[in-house]
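What follows is each chain in one-letter form.
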Amino acid sequence: MVPMVGDPRFRGDDAIGGSGDDAVGGGGDSVQREWRLAERVWKNSTLGMVFLVESADFFRGQVYNVLVNFQALGCRLNEAELETWASQFMQRGHQVTTDAAEADVVVFNSCAVTAQADRKSRQQIGRLQRGNPNARLIVTGCHASLNPEAVQEYLGVDLVVDNADKDQLVEHTLQLFDDAGRQGASADPVVGEALNSLLLRGRHRGFIKIQDGCRYRCTYCIVTLARGDERSRSEPEIIAEINRLHRQGVQEIALTGVHVGGYGSDIDSSLYRLLNEILEKSEIPRIRLASVEPWDLPDHFFNLFQDSRLMPHMHLPIQSGCDSVLRRMARRCKTAEFARLVERARKAVPLFNVTTDLIVGFPGETEQEWRQTLEFVEQTGFGHMHIFPFSARAGTKAARLPQQIDALTKKDRSREMHDLAARLKQRELRLHLGNRAEVLWEQQLDSDGGQWTGYTPHYHRILADRQDLGAASIREVSIDSISADGTTLVSGDASAQIRLDDIRFHDARN
Ligand code: SF4
C-alpha cells in the first residue's frame, strides 16, 4: 500500500527525525546511508508518493530509491551506455545525481584505448573511492573487462561488470541492495518518460548505442579484444529510444558503436537501412553519426544526406596517410579508397565536414612514410583531427612489432601534425564565413550574460552573444568571424577573444 501525502501517520521530515532518530542514527554507516535514503524519498517523491516509515529495518536491504551518479572516460559509446543505464534506473524509481559525493551508487564506465586512458581509468577509480567511500562503486568498460581481477582488488570497488554483461548492469547493481526483486510501484513509466537523465546531466545530444563489438583485428586495437564480436540492437528498439528522447526534449542524437559501419551484419540489416528507417519513423530534427570506420559503406551511402535532418559531418578514422603503414595496421581502407569516400561526401553536400583520428609513430614508420602521411592529410583537408602518439597495448600484434619508434620522434611528429591540423581547421572554418547556420545551442558561458556556444550542422563549434538563446534551443545565426585561437566560429560581434579552454571540452582520449 502506498499511502498519500497528509496521512496522519506522516507529518513530514521531522517526523522521521523526531520519532526514532537516535535509536536508528547510532547504527553506523549503512544506517546513515538508509536514513539519507529515507530523507530523500520524502523530499523527492516525484509523484507525491510517501512512505510509511515503520522502522529502519524497512530500509535495510530493501532500498526503494537509490541516488546514482554516472561517470565515463573514452568514447561516445561509453557515454551512450551511461544514458541507457540512467534511464533504466529512473524507470525503476531511482534517481540520478551529477554529484558523485552525494551518491549511493557511482557507476564508472572505464576506457583502455591507450596506455594513458588505462592510467586515467585507474586514477579516476581512486578519486571516486576517496570522494565518497560510502557509495557502492561499480566499475565497467574496457579497462575493467581487460583487467577484471586487478580492478576487483582496487580499494572501494564493490562490483566489476564485464563489457559482455553491460545489459545486466542495473540488475547486478541493485542486487547489491538486494533490490532486484522490488520492481517497485515507482516503476511507473510516467516517471521515466517525464524526466530525462541526459538533460538532468546537463547534456543536449543523445548518444544512441546501435551496436557493440567488431569483427576486424587492426593490429594496434585493444577495443576489439575488450568488446568482443559484433552484435546489433534491433531497428525498432533504436527508433523507440530516439523517439523517447525526442519526446523528452532532446533535439539531437548521434548513433554510436564500436564498428558503426558494421551495424546489422548479424541481423540482416545495415547502417544505410537503419538511417533510412530513422529518417522515416522519427521526427527528431538532428541526426548525427559518431565515429564510423571508412569501409563497409555502400557507394550510394551519401545520398542519405540529401535529407537535411542528417547532419553533414562524419568522423572517419584514417589512422595513417601511408599505405605501407596502413598495411602494418591491418586497416581495411587504403588512401585511394579513403580519398574517394571523402570526395563522394563533399559531392553530396557542399562543405561536408570530415574529421579523423591519426596515429603518429606507428612501429617501423620511416621518415619517408611520415612525409607521405603529412602530404595525404594536407591534400584531403580535415575539419578536426584527433592525434594519438602510438601506444603499445599489451595483447595486440602491434605491441610485438619490431622498430618501435622512440618517444622523442613521436613527440616531434605529433607536434608537426597538430600544427598542420590547426591550419586545416582554420582553412575549413573560413569556408563558412558569411553563411548562416541552424545551431543547437548547448552551453552558456557567462551566467548573467548571453554568451552561448553550440554546434552548427557541420559540427563546428560556434559562439554567439545573444539574450534570446537557451539550452537545447535550435536557432539560425550568421557566421561572421573566427575566434582568436582559430577553433571556434563566431556569430555577430560576440567577443572573438574567446579561447578554447574557456569552453568545457569532454573527450578523455586527447
Ligand atoms: S575496426 Fe576499429 S574497433 Fe575494429 S579492430 Fe579496427 S580499430 Fe578496432
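Residues numbered from 1 in each chain as written. Predicted model: local features only at pLDDT ≥ 70, side-chain atom pairs only at ≥ 80, totals over all residues. Heavy atoms only, no water.

**Quick notes on the packing of aromatic side chains**
At step 1: Considering all chains together, one arrives at 11 aromatic pairs under this definition.
At step 2: Measuring from ring centre to ring centre gives 5.4 Å for phenylalanine 301 and phenylalanine 302, while their planes differ by 90 degrees; the resulting arrangement is edge-to-face.
At step 3: Judged by relative accessible area, which is 0%, phenylalanine 301 ranks as buried.
At step 4: An aromatic cluster is built from Phe301, Phe302, Phe305 and Phe352, whose rings are joined through pairwise contacts. (Phe/Tyr/Trp six-rings, centres within 6.5 Å; stacked < 30°, edge-to-face > 60°. Buried < 20%, exposed > 50% of the residue type's maximum accessible area, 1.4 Å probe, protein only.)

**With respect to the pattern of salt bridges**
At step 1: Per the stated rule, a full pass over the model turns up 31 salt bridges.
At step 2: A salt bridge links aspartate 412 to arginine 415, with the nearest nitrogen and oxygen atoms 3.7 Å apart. With aspartate 412 and arginine 415 both in helix α16 (residues 407-430), this residue pair falls three residues apart, about one helical turn.
At step 3: When its relative accessible area of 46% is taken as the criterion, arginine 415 is described as partly exposed.
At step 4: The partner of arginine 436 in a salt bridge is glutamate 476, with the nearest N and O atoms 2.6 Å apart. Remark: glutamate 476 occurs in strand β17 (residues 473-478) and arginine 436 occurs in strand β14 (residues 436-444); sequence separation between them is 40 residues.
At step 5: Using a relative accessible area of 37% as the deciding quantity, one classes glutamate 476 as partly exposed.
At step 6: One salt-bridge network, in which partners are shared between bridges, spans Glu81, Lys166, Lys209, Asp212, Arg227 and Arg231. (Salt bridge = Lys/Arg side-chain N within 4 Å of Asp/Glu carboxyl O. Helix = DSSP H or I, 4+ residues; strand = E, 2+ residues; numbered from the N terminus.)

**A look at the nonpolar core**
At step 1: Counting residues in hydrophobic clusters, the biggest one holds 68 residues, and the most contacted among them are Leu255, Leu289, Phe301, Phe305, Met314 and Met417.
At step 2: Broken down by element, this core gets its largest block of residues, five residues, from helix α12 (residues 271-281).
At step 3: Discounting residues that sit within four places of it in the chain, leucine 289 has contacts with Leu255, Val260, Leu271, Leu275, Phe301, Phe305 and Met314.
At step 4: Counting 19 residues, the second largest nonpolar core, distinct from the first, contains Ala86, Val107, Leu169 and Phe177. (Core = buried A, V, L, I, M, F, W, Y, C linked by side-chain atoms within 4.5 Å. Contact = heavy atoms within 4.5 Å.)

**Quick word on the site of the ligand**
At step 1: Looking at the ligand, the residues that line it are Cys214, Tyr216, Cys218, Tyr220, Cys221, Thr224, Val258, Glu293, Trp295 and Arg331.
At step 2: Taken together, the residues of the shell around the ligand break down into seven nonpolar, one polar and two charged. (Near = heavy atom within 4 Å. Nonpolar A, V, L, I, M, F, W, Y, C, P; charged D, E, K, R; others polar.)

**Points about the confidence of the model for the chain**
At step 1: Looking at the chain as a whole, the pLDDT averages 84, with 79% of positions reaching at least 70.
At step 2: Predicted confidence is poor over residues 180-192, with pLDDT under 50, and the contacts of this stretch with residues over four places away or in other chains come to 25 contacts. (pLDDT = per-residue confidence, 0-100.)

**Observations regarding the sheet that holds strand β11 (residues 313-315)**
At step 1: Reading across the sheet, the three strands line up as β11-β12-β13 and stay open at both edges, with parallel pairing between neighbours. Every other strand in the sheet has two partners, leaving β11 and β13 (384-389) as the edge strands with one partner each. Sheet twist, expressed as the average angle between the axes of neighbouring strands with direction ignored, equals 10 degrees.
At step 2: The sheet contact formed by β11 and strand β12 (residues 353-360) spans three bridges and is parallel. Counted as the bridge partner of methionine 314 is valine 354 from β12.
At step 3: Along the sheet, α16 contacts β12 and β13; its crossing angle with β13, the most-contacted strand, is approximately 175 degrees. (Pairing = 2+ DSSP bridges. Axes fitted to C-alpha atoms, helices over the stretch in contact; angles between N-to-C directions.)

**Things to note about unusual backbone geometry**
At step 1: Even without being a glycine, alanine 330 presents a positive backbone phi close to 60 degrees.
At step 2: Along the chain, alanine 330 falls in the loop between α13 (323-329) and α14 (335-348).
At step 3: In this structure, alanine 472 takes a positive phi of about 65 degrees despite not being glycine.
At step 4: With respect to the element layout, alanine 472 can be found in the loop between β16 (461-465) and β17.

**Some details on the packing of helix α11 (residues 235-247) against α12**
At step 1: The contact between α11 and α12 brings their axes to 10 Å, and the two run at 40 degrees. As judged from the angle between their axes, α11 and α12 are oblique. Crossing of α11 over α12 shows right-handed handedness. For the pair formed by α11 and α12, the contact residues are Glu235, Ile238, Ile239, Ile242 and Asn243 on the first element and Arg273, Leu274, Glu277, Ile278 and Lys281 on the second.
At step 2: By residue class, the composition of the contact of α11 with α12 is five nonpolar, one polar and four charged. (Parallel < 35°, antiparallel > 145°, perpendicular 65-115°, else oblique. Left-handed = near helix turned anticlockwise from the far one by under 90°.)

**Examining helix α3 (residues 76-91)**
At step 1: Over its 16 residues, α3 runs 23 Å from end to end, which matches the ideal 22 Å to within 8%, given 1.5 Å per residue.
At step 2: Most of α3 is tucked away, with 12 of its 16 residues classed as buried.
At step 3: In the stretch just after α3, glycine 93 is the one whose phi turns positive, near 90 degrees. (Expected span 1.5 Å × (residues − 1).)

**Observations concerning the sheet that holds strand β2 (residues 95-96)**
At step 1: Across the sheet, which stays open at both edges, the five strands sit in the order β2-β1-β3-β4-β5 with parallel pairing between neighbours. Each having just a single partner strand, β2 and β5 (157-161) make up the two edges of the open sheet.
At step 2: Sheet analysis places strand β1 (residues 67-72) next to strand β3 (residues 105-110), joined by five bridges and oriented parallel. Its bridge partner being in β3, phenylalanine 70 is matched across the sheet by valine 107.
At step 3: Packed onto the sheet, α3 meets β1, β2, β3 and β4 (136-141) and runs at close to 175 degrees relative to β1.

**Section: the environment of lysine 334**
At step 1: Within the secondary structure, lysine 334 is located in the loop between α13 and α14.
At step 2: Expressed as a C-alpha distance, the spacing of lysine 334 and glycine 321, which sit 13 residues apart in the sequence, is 8.2 Å.
At step 3: Non-local contacts of lysine 334, meaning those with residues more than four positions away in its chain, are made with Asp323, Leu326 and Arg327.

**A look at the side chain of threonine 488**
At step 1: Summarising the element assignment, threonine 488 is placed in the loop between β18 (481-482) and β19 (489-491).
At step 2: Assessed through its relative accessible area of 1%, threonine 488 is described here as buried.
At step 3: Engagement of the side chain of threonine 488 in a polar contact is seen with the side chain of threonine 487, the distance being 2.9 Å. (Polar contact = N/O pair within 3.5 Å; in protein donor to acceptor, adjacent residues only side chain to side chain.)

**What about the side chain of lysine 209?**
At step 1: Its location among the elements puts lysine 209 in strand β6 (residues 205-209).
At step 2: Lysine 209 gets classed as buried once you look at its relative accessible area, which sits at 12%.
At step 3: There is a polar contact of 2.8 Å between the side chain of lysine 209 and the side chain of glutamate 81.
At step 4: Side chain to side chain, lysine 209 and aspartate 212 meet in a polar contact 3.0 Å long.
At step 5: When near neighbours in sequence (up to four residues on either side) are disregarded, lysine 209 contacts Leu77, Ala80, Glu81, Arg227, Arg233, Ile238 and Thr256.

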